[in-house]
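Coordinates in review
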Amino acid sequence: MDNNISGIEFEKICQVLVEKMGFNAEITKASGDGGIDIIAYNHQPLLSGKYIIQCKRYSGSVGEPIIRDLYGVVTSERANKGILITTGSFTKQAIAFAEGKPIELINGDMLNDLMSN
């Protein structure tokens, strides 16, 4: 993944990826979105519902506070799951916090794998 792309361009790449996986996805407006970058809906049996996606173009690690905020948004929006996609990685604390919660963490390596399929 090219780290020279803008945050908006990265959101667009994530939107296209999610749509290829069978979701209807829309990018939220740039400000006042409560940390939500993409809202995706799936209408397939067993997977149907609302998914909150946050996109972070980072070269470093995403920490627990960001995951905690995402979890709060997922809860308040009554979404099936929150997904954080980053070009970087996650701290041990972020991974531990997400465990057992409806949160999926996709790091740069996983993102590259998803995009090559």
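My aim in this report is to walk through the structure given alongside it, one point at a time. Every value quoted in this text rests on a predicted model; they were computed, and no experiment measured them.

The next subject is the packing of helix 1 (residues 7-20) against helix 4 (residues 108-116). Between helix 1 and helix 4, the shortest axis-to-axis distance is 11 Å and the interhelical angle comes to 55°. When the axis of helix 1 is compared with that of helix 4, the two are oblique. For the crossing formed where helix 1 meets helix 4, the hand is left-handed. Every residue of helix 4 that contacts helix 1 at Phe10, Ile13 and Leu17 is listed here: Leu111, Leu114 and Met115.

Moving on, we get to unusual backbone geometry. Positioned with a positive phi, Leu46 is a non-glycine residue whose angle comes to about 75°. Within the element layout of this structure, Leu46 appears in the loop between strand 2 (38-42) and strand 3 (49-56). The phi angle at Arg78 is positive, at roughly 55°, despite the residue not being glycine. For Arg78, the position within the fold is in the loop between helix 2 (64-77) and strand 5 (81-86).

Right, let's get into helix 1. The end-to-end C-alpha separation of helix 1 is 20 Å, in line with the 20 Å expected for 14 residues at 1.5 Å each. All of the buried residues in helix 1 are Phe10, Glu11, Cys14, Gln15, Leu17 and Val18. Angular distribution of buried residues about the axis of helix 1 spans 165°; they occupy a single face of the element. Exposed side chains of helix 1 directed beyond 90 degrees from the buried face belong to Ile8 and Lys20. Next to the buried residues of helix 1 lie strand 1 (24-27), strand 2, strand 3, strand 5 and helix 4. The positive-phi residue at the C-terminal boundary of helix 1 is Gly22, with phi of around 100°.

Definitions and cut-offs
- Residues numbered from 1 in each chain as written.
- Predicted model: local features only at pLDDT ≥ 70, side-chain atom pairs only at ≥ 80, totals over all residues.
- Heavy atoms only, no water.
- Axes fitted to C-alpha atoms, helices over the stretch in contact; angles between N-to-C directions.
- Helix = DSSP H or I, 4+ residues; strand = E, 2+ residues; numbered from the N terminus.
- Parallel < 35°, antiparallel > 145°, perpendicular 65-115°, else oblique.
- Left-handed = near helix turned anticlockwise from the far one by under 90°.
- Contact = heavy atoms within 4.5 Å.
- Expected span 1.5 Å × (residues − 1).
- Buried < 20%, exposed > 50% of the residue type's maximum accessible area, 1.4 Å probe, protein only.
- Arc of directions from axis to C-beta.

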